[in-house]
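# What the coordinates show
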Amino acid sequence: MSPSAPLKTKVSSWKNFLRLFSPKTGRISLVIPTKIPHARGDRAQVCIHLPMGPPLEARAMVVQIVKGPDGTQRGVGLVVSGLTAEQTGRIEQLRQEALASRDAAYATTQPRAS
């Protein structure tokens, strides 16, 4: 049985946003800390708060249970699924902006050739 409360997380930087999204598979995967009991295969609603703009809300499937040293659940590994075309377009736009931001930051930190 899936818990009904949405799992929430905050992505603190665009660098971290890029880590969530795999362009090879077109999937978003993440780990969210939670002590609410889940089982592999559970469906969950997830709310990802981004560095700017409104949060991304989507459905996800629990693919991993993260346990602490004492064996209690500390979090869940999720794969986001069932994105609408609008959500997919928004993610791609955000990914492109994050890549541009990363590239601009990289260019300003590199020594210039003389």
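Because the structure is predicted, anything quoted here is derived from the model rather than measured. (Residues numbered from 1 in each chain as written. Predicted model: local features only at pLDDT ≥ 70, side-chain atom pairs only at ≥ 80, totals over all residues. Heavy atoms only, no water.)

### Describing the overall build of the protein
Counting its secondary structure elements, the protein contains 2 helices and 6 strands. Seen in sequence order, the protein has helices and strands lined up from the N terminus as β-α-β-β-β-β-β-α. Taken across its 114 residues, the protein has 33% of its residues classed as buried. Intrachain contacts of the protein at a sequence separation of at least 6 include 57% that bridge at least 24 residues. Surface exposure of the protein reaches about 7500 Å², of which carbon and sulfur atoms provide 55%. (Helix = DSSP H or I, 4+ residues; strand = E, 2+ residues; numbered from the N terminus. Buried < 20%, exposed > 50% of the residue type's maximum accessible area, 1.4 Å probe, protein only. Contact = heavy atoms within 4.5 Å. Areas by Shrake-Rupley, 256 points an atom, 1.4 Å probe, with all protein chains shown as cover.)

### Describing the confidence of the model for the protein
Residue-level pLDDT values for the protein average 81, and 83% of them are 70 or greater. Across the protein, strand β5 (residues 56-67) holds the top mean pLDDT of 90, while strand β2 (residues 21-22) sits lowest at 67. (pLDDT = per-residue confidence, 0-100.)

### Observations concerning the pairing of strand β6 (residues 73-81)
Most of β6 is tucked away: 7 of the 9 residues are buried. By the bridge criterion, 8 bridges tie β5 to β6 in an arrangement that is antiparallel. Bridge assignment links valine 66 to a residue of β6, and that residue is glycine 75. (Pairing = 2+ DSSP bridges.)

### Some remarks on the packing of aromatic side chains
Under the definition given, this model contains 1 aromatic pair. Consider the rings of tryptophan 14 and phenylalanine 17, whose centres lie 5.5 Å apart with planes at 85 degrees: the pair is edge-to-face. Taken together, the residues tryptophan 14 and phenylalanine 17, both in helix α1 (residues 14-20) and 3 residues apart, mark about one turn of the helix. Across the pair, exposure class does not vary: tryptophan 14 and phenylalanine 17 are buried alike. (Phe/Tyr/Trp six-rings, centres within 6.5 Å; stacked < 30°, edge-to-face > 60°.)

### Let's talk about the side chain of histidine 38
Tracing the chain through its elements places histidine 38 in the loop between β3 (27-33) and β4 (43-49). Within the local environment of histidine 38, its side chain forms a polar contact with the backbone oxygen of isoleucine 36, the two atoms lying 2.7 Å apart. (Polar contact = N/O pair within 3.5 Å; in protein donor to acceptor, adjacent residues only side chain to side chain.)

### Focus on the nonpolar core
The biggest cluster of nonpolar side chains holds 25 residues, and the ones touching the most others in it are Phe17, Ile28, Leu30, Val46, Ile48, Leu78 and Val80. Looking at this core, the elements that each hand over two or more residues are α1, β3, β4, β5, β6 and α2 (85-109). Filtering out sequence-adjacent residues up to four positions away, valine 46 remains in contact with Leu7, Ile32, Leu56, Glu57, Ala58, Ala60, Leu78 and Val80. (Core = buried A, V, L, I, M, F, W, Y, C linked by side-chain atoms within 4.5 Å.)

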